[in-house]
Each structure stands twice: as structure tokens, then as C-alpha cells.
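Topology and contacts: notes
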Amino acid sequence: MLSVDVLTHAVTEVASQVAAAAPDEPAGLLPARQQMALSLGWHIILACFGVAFPAMIFVMHLRGIRRNDPVALGLAQRWAKVSAVLFAIGAVSGTVLSFEMGLLWPGLMGKYGDVLGLPFAFEGLAFFLEAIFLGIYLYGWNRMPPKRHVLMVLPMAITGIIGAYCVLAVNAWMNVPTGFRLVDGEVTDVEPWKVLFNGHTFLQFAHMWVGAYMLAGFTIAGVYAVGMLRGRRDAHHRLGFMVPFVFASIAAVTQPFVGHVLGFGLDERQPAKLSAFELAETTESPSPLRLGGVLVDGEVKYSIDIPLLGSLIAMNSPDKPVPGLDTIPEEDHPPVNMTHLAFQTMVGIGTLLAAAVVLFWFQRRRGRDLLEKRWFLRFAAAAGPLAVIALEAGWIATEVGRQPWIVYGIMRTPEAVGDYTASLWWLLGISSVVYTGMTIGAVVVLRSMARRWRAGDVDLPSPYAPVSTGSTDGEAQR
């Protein structure tokens, strides 16, 4: 009952803020926000595989070569084909996002396009290079020397990282704008390299990069956990589980530290966001850590308060207070409840996954294999969706917590949107249908591939390929 009340209050808060702001906001703001949330929320999952999957393929392929392990080589080849499917649909959603930046937010791109042009250009270049080397790697099986072939994965991994970094540089700039001056409302003295190498970008990228390995690692490992639950406990499934799970384990125990460092100085950069994260209604010294809870009519309800920990975790001090919402003008408040609940969802799931991998490796060191326990395999199967939820919640906390600013402290979100109301609602509807179709198509294709592989078919048969029998083949060659 309590959780229902909390959710109701959160939804009511967002609805009331939208309703209150509607008379003064462009009519296109709501559909533009919904469209961007749909596109970014869908694409970011595929982007995580683009960042993390190549490294896992490389390790598996290298193991196969060095140990002459056909199981590892088979897994690397299959994973490459899965990566190609995900890359193909990710290319569609990424292209949509590129157009949406100008279509949905003409005020932002029209004014700051010169500032943001360089990161977007490098991101596009990295995307094309990644596609080229993915094609070479897929075609290179049985056509290139093994040691040269496996090296084709490295450019895929590097370009995937560069592309993600460039996109994160733009988002970091929106949180900490730099690389230009405003003179009488005009953008001057543009320094795009400062945008690309903004000091805040490195930490924000590190947080996202580690999160990508968590999402991809737990999701891939979960596929093989489901197979083991169904009785397929062979070397193929155990190795298919262990390699991505190792990556995910390292990422899971690293992420809390990266996230904590990223939060340093948030009280100065974006105090309203920190207040919403911590649900700090007023400034208290020392501040408590609030678990759960919502803000109702300016009062915190339903939270579990742990004294001192708020100051210790958020401010790295036993008594330094978290800035309260009462110190910030009301027009600069973000949607507090949504920001707070999204942030705590991310932290809670991240903590759970980190604890689970520590338990797994501790038990393994003691000679106990949790892969023999059905309860752990069930948890491993659920870890992938949990990592997806944590990543999405983190982006909600970051983006919603920056509101009402699209460029913090400089441009408010309503100033950036285009007023194409009817067209934007149509665009949202069409995009929803397209993304739903792509999701269903990806699932159908991947399940079809898995069924063929279990049946022993390595390659997809082609209905128009020439017949390759002994005599016929010889005659054809002559």
C-alpha cells in the first residue's frame, strides 16, 4: 500500500507541474519531451552493447585461438552475428536521434550548433568506422589468418568507445556548459575542443562506460543462465556465462565508486539536482540519508531517515549539510519526486548487483559453485533486466534533475523547443510503432538464430544459393 501511495504522489506531482506550466510553455514541449525520452531510452540500451560487446567478443575469440578451443571460437562467431543484428537496429534509432536534435530542439541547435558540431561530427565518423570493421570481422571468418582476424575486433571496440564519448561530451556540456561566450545574447569565441574535452565529460563518460558493461555483461550472461535452468549445463553455456559475467562483475563493484566521484561538487554545479536526489526539503546539518519517500505539499513523507549518512555520502563530510530546496527559487526546482525515486532506483539496483557478484566470487573462492544453485541462476537471469532498469533510471535522474534547464543556467527547455504541436504528436505515434516493430523484429530474429544454433545449423540457408554437389560443383568451376 505504501509503494502505491508513493507512486501516486510521484505521478501526481509530474502531472500537476505539467498542468501548472502549460499556459506559459510552448504547446510542442510535452510531445518533444516524450519523443526524446522514447528515442533516447530505447537507443541507449543498444548503445551499451555497441560499447561493451566487442571487448567480450575479443576475449572469447582470443581464448579460442590461444587454447585451440572450438567452444570459445563458436561463441565468438555467434556473438559477432548477434552484435551485427543489434548494430543494425541501433543504426536506425541512432539516426533518428540525430535528426531529432534539430527537429525537436531548434532553439538549442540553432544557437549552439557551432559549439556542438565537433563532437557530433566525430561521433558520426566513429559510427561509420565501427560499421566497416564489423563487416570485415564478420566476413573474415575462415578467410583471414586467425591472429589478424581477431585484431579486427579492436577497432570496433575503440570506435564504439569514441562514439559514446562524443555523445556524452554533448550531454556533459549541457550540464556544465563551456567553450563559448555570450555577448548580447550572441554566441561568440567558440572553442569546440573545450566541449569535447570538458573535465566533467571524463567522469560522466566513465559512469556510462562502466554501466554499459554492467548492462551488456549481465544481459548476455543471463541468456546462458536461462539455458542452464533448462538443463543445458555443457561447456558452451558455462563459458558463455562466465566471460560476460566477469566483465559485469568488475563493472558492478567499480560503479559505486565512479558514481560517488562523479557526484563530487554537485552542490555547486547543480544544487537543485542534489536536493532532489537526497529529497532535502530544508538544509539540515548534518543531513540524513532518506530512503524512499516523496515530497507532498512541501513536506517529506514515507521516507526512512538514517541520521548523518546524507552529509557523509553526498558531501563527504560528517556535518556539511546538503543544500535544501528552500534555498533554491521555486521556478528552478526539477520534478523532485521523479528525480529522487529514479536516483534511488539506480543506486538500489546497483548496490544489489554489486553485492550479488561479491557473493558469487566469495563462494567460488571457497569452492562453492553457485551455478549449481537454481536460485542463483534465476537471479542471474533477472540481473540483465535489472541492469537495464538501473541504467534507464540513472538517465531519468540526470536529465529530469537538470530541468527546467536544457543548458544548465543558460537556456531553459521551453526556449529550445519548436512549436510544431500536431506534427510532433504524429511523430511520436509513428516512432512508437516503428520502435515496437523493431523490438519485435529483433526478438524474432535473435530467437530464430538461437533455435538454428541449437539445431546445429551454423549459417542461415539461402533459398537462392547454387547447389554445391561434387560433380555439379566441379563442372560449374570448369
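Structure report, in brief.

The rules we used
- Residues numbered from 1 in each chain as written.
- Predicted model: local features only at pLDDT ≥ 70, side-chain atom pairs only at ≥ 80, totals over all residues.
- Heavy atoms only, no water.
- Pairing = 2+ DSSP bridges.
- Helix = DSSP H or I, 4+ residues; strand = E, 2+ residues; numbered from the N terminus.
- Axes fitted to C-alpha atoms, helices over the stretch in contact; angles between N-to-C directions.
- Parallel < 35°, antiparallel > 145°, perpendicular 65-115°, else oblique.
- Left-handed = near helix turned anticlockwise from the far one by under 90°.
- Contact = heavy atoms within 4.5 Å.
- Nonpolar A, V, L, I, M, F, W, Y, C, P; charged D, E, K, R; others polar.
- Buried < 20%, exposed > 50% of the residue type's maximum accessible area, 1.4 Å probe, protein only.

Examined bridge by bridge, strand S3 (residues 289-296) and strand S4 (residues 299-306) share seven bridges and lie antiparallel to one another. Pairing of Leu295 across the sheet is with Val300, part of S4. Between S3 and S4, which pair antiparallel in sequence order, lie two residues; one of them, Asp297, sits at a positive phi of approximately 50 degrees.

Here the focus is the packing of helix H9 (residues 235-262) against helix H13 (residues 336-365). Packing of H9 against H13 leaves a shortest axis separation of 9 Å and a crossing angle of 120 degrees. When the axes of H9 and H13 are compared, the pair comes out oblique. Classified by chirality, the crossing of H13 by H9 is left-handed. Residue-level inspection shows Met242, Phe245, Val246, Ser249, Ala252 and Val253 of H9 in contact with H13, the latter providing Leu353, Ala354, Val357, Val358, Phe360, Trp361 and Arg364. For the contact of H9 with H13, the residue count by class is 11 nonpolar, one polar and one charged.

Look at the link from Gln403 to Pro404: it is a cis peptide, with omega at 15 degrees. Topologically, Pro404 is positioned in the loop between helix H14 (374-402) and strand S5 (405-407). Phi at Leu279 takes a positive value of approximately 50 degrees, unusual for a residue other than glycine. Examined against the element boundaries, Leu279 turns out to sit in the loop between helix H11 (271-278) and S3. Since its relative accessible area comes to 1%, Leu279 is described here as buried. Although it is not a glycine, Leu308 sits at a positive phi angle of roughly 75 degrees. Counting through the fold element by element, Leu308 comes out in the loop between S4 and helix H12 (309-315).

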